[in-house]
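# Structure at a glance
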Amino acid sequence: MSRTAPAQPRSSARKMRKGVIAGIAGIALLAGGGASFATWSADWTTSGRISSGTMSLKSSWQGEPISHWQLNDADIVGITKVADLKLVPGDKLTYRDNITLSAEKRAMSVNLEPLAPGIVGNLQGVTYSVKVTGPDFERTWNGRESKPMSIETRAGSDTAMSVVTTFTFDTDADNSTKNKNLTFTDAGIRVTQVANAN
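A few points on the structure. (Residues numbered from 1 in each chain as written. Predicted model: local features only at pLDDT ≥ 70, side-chain atom pairs only at ≥ 80, totals over all residues. Heavy atoms only, no water.)

### A closer look at the overall build of the chain
Stated formally: We count a stretch as a helix when DSSP gives it H or I for four or more residues in a row; a strand needs E for two or more, and each element gets its number in order from the N terminus. Between buried and exposed lies partly exposed: a residue is buried under 20% and exposed over 50% of the maximum accessible area for its type, with that area taken using a 1.4 Å probe on protein chains only. Note on contacts: a residue pair qualifies if any of its non-hydrogen atoms lie within 4.5 Å across the two residues.
A count of helices and strands for the chain gives one helix and 12 strands. Buried positions account for 23% of the 198 residues belonging to the chain. Counting only contacts in the chain whose residues sit at least 6 apart along the sequence, the fraction spanning at least 24 positions is 76%.

What follows is the structure, encoded as structure tokens:
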């Protein structure tokens, strides 16, 4: 005569099945990569502040504006404004200035080039040129020529240079140029830093 094991209570059997299902689900989750495990790690970092420098051109001369002008390489006397000067064919009117290129105490490559002035008026036969002279360079741009000149600034020191802008009244100007005028703006030079190519 055989004996059968006593029946388990239904609630216990139900809990056992839930536990088995949960265990299987956990194993499947681990196998699928859904869980993360702690591993060793190390960091290397740095901190600091980055600042930009500056570059500027400044006039070194003082005094009245008329003192910067010359007519045919001689000082202008008797007038206080160059606009009151009356030119005749063959005259050469120049503006001279000493300027300083400051480049934040570091060496850099820069291009010098002339600025084409804005000119309005009805006086024909006037040509324009710019001459720049530095410690080891010199360049004159005439008319529409604008090819830049490259120079190297020195680390820890400014670059001094002179700039001469010249307006020449053509010697062949005829009677049609009498009692005419010309107004110009922004005659001079531009300095452009040459960016490092990395």
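The rest of the description comes next.
### Points about the pairing of strand E5 (residues 109-115)
Successive residues of a regular strand alternate their side chains across the two faces of the sheet. Basically, it comes down to this: One requirement defines pairing of two strands: DSSP has to find at least two bridges between them.
Pairing of E5 with strand E9 (residues 149-152) involves four bridges; the strand directions are antiparallel. Paired with asparagine 111 across the two strands is serine 150, which belongs to E9. Bridge count between E5 and strand E12 (residues 188-193): six bridges; the pairing is antiparallel. Bridged to valine 110 within E12 is glutamine 193.

### Considerations on the packing of aromatic side chains
What counts, and what does not: Put simply, two rings from Phe, Tyr or Trp (the six-membered ring, in Trp's case) pair if the centres are within 6.5 Å, and we call them stacked under 30 degrees between planes, edge-to-face over 60, tilted for the rest.
This structure, assessed with the given rule, holds four aromatic pairs. Centre to centre, the rings of tryptophan 69 and tyrosine 95 are 5.0 Å apart; their planes meet at 70°, and the pair counts as edge-to-face. Linking tryptophan 69 in strand E2 (residues 69-71) with tyrosine 95 in strand E4 (residues 92-102), this pair joins segments that are 26 residues apart in sequence. Overall, tryptophan 69 belongs to the buried group, its relative accessible area being 9%. Judged by relative accessible area, tyrosine 95 falls into the partly exposed class, the value being 25%. In textbook terms, an aromatic cluster arises when at least three aromatic residues are bridged by ring pairs, as seen for Trp69, Tyr95, Tyr128, Phe167 and Phe184.

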